[in-house]
Amino acid sequence: MKVKNICCIGAGYVGGPTMAVIAEKCPHIKVTVVDINESRIAAWNGENFDELPVFEPGLGDIVKKTRGRNLFFSTNVDQAINEAEMIFISVNTPTKTYGKGKGMAADLKYIELCARQIARVSKTDKIVVEKSTLPVRTASAIKSILDNTGNNVQFEILSNPEFLAEGTAVEDLLFPDRVLIGGDNSTDSGQKAIQALVEIYSNWVAKERILTTNVWSSELSKLTANAFLAQRVSSINAMSEICEKTGADVSEVAKAIGMDSRIGSKFLKASVGFGGSCFQKDILNLVYIAKSYGLDQVADYWEQVVIMNDHQKQRFSDNIVSTLYNTVSGKKITFLGWAFKKDTNDTRESAAINVADNLLSERANVSVYDPKVSSKQIYADLDYLGTRSNEENKDLLSVYKDPYEACKDSHGIAILTEWDEFKNYDWKNIYKQMNKPAFVFDGRGILDKDELGSIGFIYYKIGSGD
Ligand code: UDX
Ligand code: ADP
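Conventions used here
All chains use their own residue numbering, which begins from 1 and follows the written sequence. The order in which chains are written sets their letters, starting at A; the order in which ligands are written sets their numbers, starting at 1. Residue-level local features of this predicted model are given only where pLDDT is at least 70; pairs of side-chain atoms are given and counted only at 80 or more, and the full residue set underlies all totals for whole chains, interfaces and linings. The basis for the side-chain values is all heavy atoms of the structure; hydrogens and waters are excluded. Each residue's exposure class comes from its accessible area (1.4 Å probe, protein chains only) as a fraction of the maximum for that residue type: buried when under 20%, exposed when over 50%, partly exposed otherwise. Numbering of helices and strands runs from the N terminus; a helix is a DSSP stretch of H or I covering at least four residues, while a strand is a stretch of E covering at least two. Note: the arc covers the axis-to-C-beta directions of the helix. Here a residue-residue contact requires only that any non-hydrogen atoms of the pair lie within 4.5 Å. Two strands pair under a simple rule: DSSP has to find at least two bridges between them. Under this scheme, a helix contributes an axis fitted over its contacting stretch, all axes are lines through C-alpha atoms, and angles between N-to-C directions fall in the 0 to 180 degree range. Comment on the angle field: the value is read as roughly parallel under 35 degrees, roughly antiparallel over 145, roughly perpendicular from 65 to 115, and oblique elsewhere. Handedness of each helix crossing follows the sense of rotation of the near helix against the far helix: counterclockwise by less than a right angle gives left-handed, clockwise gives right-handed. Think of it as three bins: nonpolar holds Ala, Val, Leu, Ile, Met, Phe, Trp, Tyr, Cys and Pro, charged holds Asp, Glu, Lys and Arg, and polar takes everything else, Gly as well. Residues are labelled near a given molecule or strand when at least one of their non-hydrogen atoms is within 4 Å of it. Any pair of nitrogen or oxygen atoms within 3.5 Å is treated as a polar contact; in protein, a donor-acceptor pairing is required on top of that, and neighbouring residues in sequence qualify only through side-chain atoms on both sides. Areas reported as accessible are Shrake-Rupley estimates using a 1.4 Å probe. Residue values count occlusion only from the protein chains shown.

Caption draft 1: Spotlight on helix 3 (residues 59-66). Within helix 3 the residues assigned to the buried category are Leu59, Gly60, Ile62, Val63 and Thr66. Buried residues in helix 3, looked at end-on, bunch into an arc of 165 degrees, giving them a common side. The exposed residues of helix 3 that point more than 90 degrees off its buried face are Asp61 and Lys64. If you follow the buried residues of helix 3, they end up packed against helix 1 (15-25), helix 2 (38-44), strand 3 (71-74) and helix 7 (169-174).

Following this line, the structure appears as structure tokens:
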């Protein structure tokens with residue numbers, strides 16, 4: 001089966017970049033990305049390719065090349081579903097905020113709505129591809145909805161989880177370590193569907209990197225990959241606290257263990273805590289699944305990764321308060337960075353949000369500079385927590401467009417995101433304009449300790465005990 005038309009439901013951080021790369025690599029396929037969010041679609045269709053709704057290095061160039069050629073962004077979901085032979089579901093699956101599984105399970109409301117819409121609209125057979133990260137066995141729920149509410153057309157469900165990381169999405173999509181496709185190999189139509197998707201990726205990915213498995217293995221592999229990655233971060237963060245107490249340096253420890261080929265050097269960077277839309281959500285989801293099967297020890301084991309992460313954020317803000325003579329009330333504390341990592345404008349679950357919230361509760365005046373995050377987003381992140389009124393958040397926190405202004409008259413600077421530009425600031429000048437003693441709390445370990453020390457800063461680096 002040759003796919004000529006693809007529809008992707010959800011024009012977010014996953015759907016947008018993934019479809020842009022498919023469109024670039026498969027000029028013979030028409031790719032339509034649809035979303036119910038009109039302003040998001042308008043932004044994807046905007047004039048300025050530097051201001052797409054998702055900031056990713058290299059993405060603007062690909063969209064510029066493909067948009068209007070074989071890549072289209074639209075709010076007409078029904079039409080795109082109808083035209084397509086293959087439909088990717090790439091909508092958000094946040095942690096449930098209500099009812100059973102609140103705070104743990106994935107909320108599948110948006111997935112179900114998509115499935116019902118696909119069933120209602122489809123007049124021809126479709127291959128439905130799960131792109132969003134989903135609890136294991138979600139495909140059977142989608143299949144049941146499609147088969148029971150559809151117009152007697154055939155649906156094949158595939159799981160094709162996305163492993164891209166934000167900030168390197170384009171690179172990850174162009175040169176993936178592997179592409180995973182889960183499907184029903186026991187039927188002829190299942191095999192054909194798997195093959196159709198394999199063919200699409202084969203346009204740019206070597207065959208040996210395209211893995212095919214059963215659907216449940218594919219769904220569970222995505223959760224497992226994220227759990228393992230997050231676990232490494234929590235493990236090194238746990239060691240960072242021991243380093244601080246013992247005079248060791250976590251970056252030296254990470255280097256020493258990372259050279260062991262069995263351990264490997266990646267994902268060993270101690271930080272103020274992991275963020276992003278996936279790690280916490282997926283682990284909590286895994287914990288929920290384990291509990292629902294009565295696997296309490298398995299659940300407790302994985303939950304500890306999130307507990308450790310919360311602790312890391314809390315102890316970072318506690319350290320700021322205790323170092324600043326046990327009070328930050330009325331003091332200006334500057335945050336450099338708000339995004340959950342560099343090279344993205346995404347702030348979901350960013351450590352900065354909780355650290356700011358803790359400091360605001362201590363009545364600090366937090367000022368924030370981030371090169372890519374808007375002030376609207378920063379206030380929305382804080383307001384969402386509901387710790388205090390929106391007006392109080394506005395009074396206590398200010399957002400700056402200029403980093404030097406953000407640091408002026410500050411008592412302490414906290415590095416929350418590892419943006420490269422922070423390394424090249426004129427730190428002498430920043431020091432001159434600050435209250436003394438001037439502190440830097442480097443939650444990412446990116447600045448040069450000796451240089452800052454010689455300027456006069458009192459420098460605290462996460463995981464460094466000397
Ligand atoms: C992650 C997975 O890497 C990706 O495969 C999956 O598809 C989605 O979830 P993402 O959340 O975009 O990707 O970014 P990632 O690079 O994994 O970073 C997640 C968080 O961990 C960030 O806050 C980052 O700063 C932090 N991190 C990562 C560390 O603190 N230390 C590290 O060594 C690595
Ligand atoms: P991700 O990081 O998984 O891509 P995002 O939140 O960035 O998540 O994007 C998901 C997108 O899916 C949002 O833009 C949202 O408006 C869209 N969406 C959710 N439900 C539907 C739906 N039923 N039909 C179309 N789009 C939807």
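Okay, back to it.
Caption draft 2: Quick peek at the sheet that holds strand 10 (residues 365-369). The parallel open sheet is built from six strands, whose spatial order is 11-10-9-12-13-14. Of all the strands in the sheet, just strand 11 (397-399) and strand 14 (458-461) have a single pairing partner and so form its edges. Across the sheet, the axes of successive neighbouring strands diverge by a mean angle of 20 degrees, strand direction being ignored. As paired strands, strand 9 (residues 332-336) and strand 10 are joined by five bridges and run parallel to one another. For Thr334, the partnering residue across the bridge sits in strand 10 and is Ser367. Lying over the sheet, helix 13 (residues 351-361) contacts strand 9, strand 10 and strand 11, oriented at roughly 180 degrees with respect to strand 9.

Caption draft 3: Summary view of the packing of helix 5 (residues 109-121) against helix 6 (residues 138-149). Between helix 5 and helix 6, the shortest axis-to-axis distance is 8 Å and the interhelical angle comes to 30 degrees. By the angle class used here, helix 5 and helix 6 are roughly parallel. For the element pair helix 5 and helix 6, the recorded crossing hand is right-handed. Contacts between helix 5 and helix 6 pair Ile111, Glu112, Ala115, Arg116, Ile118 and Ala119 from the former with Thr138, Ile142, Ile145, Leu146 and Thr149 from the latter. Counted by class, the contact of helix 5 with helix 6 contains seven nonpolar, two polar and two charged residues.

Caption draft 4: Structural context of the environment of Ser189. Within the secondary structure layout, Ser189 lies in helix 8 (residues 188-202). On the basis of relative accessibility, which here comes to 36%, the residue Ser189 falls in the partly exposed class. Along the chain, Ser189 and Thr138 lie 51 residues apart, while their C-alpha atoms are 20 Å from each other.

Caption draft 5: Spatial organisation of the site of ligand 2. Close to ligand 2 lie 15 residues, the nearest being Tyr13, Val14, Asp35, Arg40 and Arg348. Take Tyr13: an N or O atom from its main chain is 3.1 Å from an oxygen atom of ligand 2. Contact between ligand 2 and Val14: an oxygen atom at 2.9 Å from a main-chain N or O atom of the residue. Taken by itself ligand 2 offers 580 Å² of open surface, and the protein chains cover 89% of this.

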